[in-house]
Amino acid sequence: MVQSIPTPSIEMNGMKNRCETWLVKGWMTWGCLGLWASSVLCTPFAWAQAPANLPSRMEYHALASVTTTGEEFLLGQKGKEVALSGELRLPQGSRAKFPAVVLIHGSGGIGPAMDVWTHQLNQAGFATFVVDSFTGRGIVSTGADQTQLHSLSMTIDAYRALDLLAKHPSVDADKIAVLGFSKGALGAIFSASTRFKTLHGSGRTFAAHLGLYTPCNTRFIGDTAVTGKPMRLWHGTTDDYVSVAPCRDYVKALQANGTDVKLTEYPDTQHAFDNPLLPAKLANPVAQTTRDCHLIEEPRGRIINAKSKQVFTYQDSCVALGTHVGHNPDSTRQTLQGVLEFLKSL
């Protein structure tokens, strides 16, 4: 039923014109178009169709997780409980249940690139759940001080998000993938570990594990024993924040173990290349980087510098300050296309 609501009279050029606003179900609205030469006309304006990248619904969920040290995580010990949150966006469409993607941010927290990803994924028909791993822990950024939060704790955040989404009536529990960025990519990729899943996960399993500029320079005991779900990584060869070289080695080890995994590399591509608000290259002189560190778990529960055989800390001589970030539109376009095509193939 169409309802007419009269609006106040509008005075223009000495003439009075009374317009009516028509409330119509859908996107059609009506407005007044003034013609200064003669009169004011009531003229319809409309969006013929809602933009496809807008979500049909947004929900904000409390997300119970825990914060652990690296040793606590690796030994399966319970850390400190923490209340986090996440944003769920459901795409447009008539499906009863949608495939979904859990997104795990990097050291800078939730930034503009995350908004690009959620819109692109929603437009492609995927629900998105963006985990905020920082605010509930009182963190703004870990870029200059990574000791504020061990990256492995974000693996637990990913598992908790999976459990939450699997219970949602509009999400297909068997088609939930995880996509991480930098610090969050460690959690996205290594949540495939059957050891870590046994220690901190549940009976649920991610449908796929995806990482952008993933830190692969820490090798864990049994890290090639994974769930068997496909894994995909994207990385710039000139990334001086997180080196791509260790990912090449890890991917080769996974492939030798029969895992469906692929690493895509882009030349002349900096860290955070998918952030559209960055220039082509921007120096970050205070950012901590472990690009020159080769770290291994030895013995179980302890991360050591593979060269010095000493327990790793951020005072280690291999830790450096000073990195670069930068947007690469072409690498971003190719990565968006690659991620969407891959997810649609699942």
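In what follows, the accompanying structure is described.

The rules we used
- Every chain is numbered independently, its residues counted from 1 as its sequence is written.
- For this predicted model, a pLDDT threshold of at least 70 governs which residues receive local features, and a threshold of 80 or more governs which side-chain atom pairs are given and counted, while totals over whole chains, interfaces and linings are taken from all residues.
- Only heavy atoms go into the side-chain values, all of them from the structure, while hydrogens and water stay out.
- Strands were regarded as paired on the criterion that DSSP finds at least two bridges between them.
- Numbered from the N terminus, helices here are DSSP runs of H or I no shorter than four residues, and strands are runs of E no shorter than two.
- The criterion for a disulfide is a pair of cysteine sulfur atoms lying within 2.5 Å.
- Three exposure classes are used, based on accessible area relative to the maximum for each residue type with a 1.4 Å probe and protein chains only: buried under 20%, partly exposed in between, and exposed over 50%.
- Every axis corresponds to a line fitted to the C-alpha atoms, with the helix fit spanning only the stretch in contact, and the corresponding angles, defined between N-to-C directions, vary from 0 to 180 degrees.
- The distinction between a cavity and a pocket rests on a 1 Å grid over the protein atoms alone: a 1.4 Å probe fits inside a cavity but cannot get out, while a pocket stays open yet meets protein on both sides within 12 Å along at least five of seven lines, and a residue with an atom within 4 Å of a point counts as lining.
- Grid points are joined across faces, edges and corners, and a volume is the space filled by probe spheres set on the points.
- Lys, Arg, Asp and Glu make up the charged group, whereas Ala, Val, Leu, Ile, Met, Phe, Trp, Tyr, Cys and Pro make up the nonpolar group; the residues left over, Gly among them, are polar.
- Two rings belonging to Phe, Tyr or Trp (six-membered ring only in the last case) form a pair when the distance between their centres is within 6.5 Å. Interplanar angles under 30 degrees mark stacking, angles over 60 mark edge-to-face geometry, and anything in between is tilted.
- The definition of a nonpolar core used throughout is a set of buried Ala, Val, Leu, Ile, Met, Phe, Trp, Tyr and Cys residues joined through side-chain atoms within 4.5 Å.
- Contact criterion: two residues are considered in contact whenever any of their non-hydrogen atoms come within 4.5 Å of each other.
- Throughout this description, any angle smaller than 35 degrees is read as roughly parallel, any larger than 145 degrees as roughly antiparallel, any in the 65 to 115 degree range as roughly perpendicular, and the remainder as oblique.
- Crossings are classed by handedness, with left-handed meaning an anticlockwise turn of the near helix from the far one by less than a right angle and right-handed meaning a clockwise turn.
- For this analysis, a salt bridge means a side-chain nitrogen from Lys or Arg found within 4 Å of a carboxyl oxygen belonging to Asp or Glu.

## Some thoughts on the sheet that holds strand β18 (residues 303-305)
Here is step 1 of the chain: If you walk across this open sheet you meet the three strands as β13-β17-β18, and the pairing is mixed. The open sheet terminates on both sides in strands that have one partner only, identified here as β13 (218-219) and β18.

## Brief notes about the state of the cysteines
Working definition of a disulfide: a covalent bond connecting the sulfur atoms of two cysteines.
Here is step 1 of the chain: Applying the stated criterion to the full structure yields two disulfides.
Here is step 2 of the chain: Two residues share a disulfide in this structure: Cys216 and Cys247, whose sulfurs sit 2.1 Å from each other. Taking the sign of the S-S torsion, 85 degrees for the link of Cys216 and Cys247, the bridge is right-handed. One end of the pair, Cys216, is in the loop between β12 (209-212) and β13; the other, Cys247, is in helix α6 (residues 245-256), with 31 residues separating them in the sequence.
Here is step 3 of the chain: Across the disulfide, Cys293 is cross-linked to Cys318 (sulfur-sulfur distance 2.0 Å). Judged by the sign of its S-S torsion, about 100 degrees, the bond between Cys293 and Cys318 is right-handed. A residue pair is termed long-range when its members are at least 10 positions apart, and Cys293 in the loop between β16 (282-289) and β17 (295-297) and Cys318 in the loop between β18 and β19 (320-325) qualify at 25 residues. There is no split in this pair, since Cys293 and Cys318 are both buried.
Here is step 4 of the chain: Sequence-ordered numbering of the disulfide-bonded cysteines in the protein gives the connectivity 1-2, 3-4.

## Re the sheet that holds strand β8 (residues 80-90)
Here is step 1 of the chain: Taken together, the eight strands give an open sheet; going across it, the order is β7-β8-β10-β9-β11-β12-β14-β15, and neighbouring strands pair in mixed fashion. Every other strand in the sheet has two partners, leaving β7 (57-67) and β15 (261-266) as the edge strands with one partner each. Recorded for the sheet is a direction-independent mean angle of 20 degrees between the axes of neighbouring strands.
Here is step 2 of the chain: Alignment of strand β14 (residues 231-236) against β15, held across six bridges, turns out to be parallel. Residue pairing in the sheet places His235 in a bridge with Glu265 of β15.

## Topic: empty space enclosed by the protein
Here is step 1 of the chain: All chains considered together, the criterion is met by one cavity of 30 Å³ or more.
Here is step 2 of the chain: Each pocket or cavity is described by its volume, and for the largest cavity that value is around 40 Å³.
Here is step 3 of the chain: Taken together, Tyr159, Leu162, Ser191, Lys197, Arg204, Thr205, Phe206, His209 and Thr227 make up the lining of the largest cavity.
Here is step 4 of the chain: Per-class residue counts for the lining of the largest cavity are three nonpolar, four polar and two charged.

## Some thoughts on the packing of aromatic side chains
Here is step 1 of the chain: Going through the model one piece at a time under the given rule, you end up with eight aromatic pairs.
Here is step 2 of the chain: Arranged with centres 6.0 Å apart and planes meeting at 55 degrees, the rings of Trp117 and Phe181 form a pair that is tilted. Pair noted here: Trp117 is in helix α2 (residues 112-123) and Phe181 is in strand β11 (residues 171-181), with a separation of 64 residues, a long-range link.
Here is step 3 of the chain: Of the residues examined, Phe181 reaches a relative accessible area of 6% and is grouped as buried.
Here is step 4 of the chain: An angle of 75 degrees between the planes, with centres 5.9 Å apart, marks the rings of Tyr266 and Phe273 as edge-to-face. No difference in accessibility class separates Tyr266 from Phe273, as the two residues are buried.
Here is step 5 of the chain: Among the aromatic residues, those joined into a cluster by ring pairs are Phe73, Phe190, Phe196, Phe220 and Tyr250.

## Considerations on the nonpolar core
Here is step 1 of the chain: Of all hydrophobic cores here, the largest spans 57 residues; its most connected members are Val102, Phe129, Leu165, Ile176, Phe196, Phe206 and Leu233.
Here is step 2 of the chain: With nine residues, helix α3 (residues 153-166) is the single largest residue contributor to this core.
Here is step 3 of the chain: Sequence-distant contacts of Phe196, that is, excluding residues within four places in its chain, are made with Phe73, Leu74, Leu152, Tyr159, Phe190, Gly201 and Phe220.
Here is step 4 of the chain: By size, the runner-up hydrophobic cluster in this structure holds 28 residues, among which are Val101, Trp234, Leu278 and Val325.

## Looking at the packing of α3 against helix α4 (residues 183-190)
Here is step 1 of the chain: Look at α3 against α4: their axes get within 8 Å of each other, and the N-to-C directions meet at 60 degrees. Relative to α4, the element α3 lies oblique. Crossing geometry of α3 relative to α4 is assigned as right-handed. On α4, the residues that touch Met154, Thr155 and Tyr159 of α3 are Lys183, Gly184, Leu186, Gly187 and Phe190.

## Looking at the pairing of β12
Here is step 1 of the chain: Burial along β12 is two-sided: His209 and Gly211 facing one way and Leu210 and Leu212 facing the other are all buried.
Here is step 2 of the chain: Bridge count between β11 and β12: four bridges; the pairing is parallel. Across the sheet, Gly180 pairs through a bridge with Gly211, a residue of β12.
Here is step 3 of the chain: As defined by bridge partners, β12 adjoins β14 across four bridges and the pair is classed as parallel. Opposite His209, over in β14, you have Met231 as the bridge partner.

## Some thoughts on the pattern of salt bridges
Here is step 1 of the chain: Summed over all chains, the structure comprises 10 salt bridges.
Here is step 2 of the chain: Among the ionic pairs, Arg89 bridges to Glu87, the shortest N-O distance being 2.8 Å.
Here is step 3 of the chain: Across the salt bridge formed by Glu265 and Arg248, the nearest N and O atoms sit 2.8 Å from each other. Of this pair, Glu265 sits in strand β15 while Arg248 sits in helix α6; the two residues are 17 residues apart in sequence, bridging distant segments of the chain.
Here is step 4 of the chain: A residue is classified by how much of its surface remains accessible, and Glu265, at 29% relative accessible area, is partly exposed.
Here is step 5 of the chain: Among the residues examined, Arg248 registers a relative accessible area of 34% and is labelled partly exposed.
Here is step 6 of the chain: Sharing partners across several salt bridges, the network here consists of Glu87, Arg89 and Asp115.

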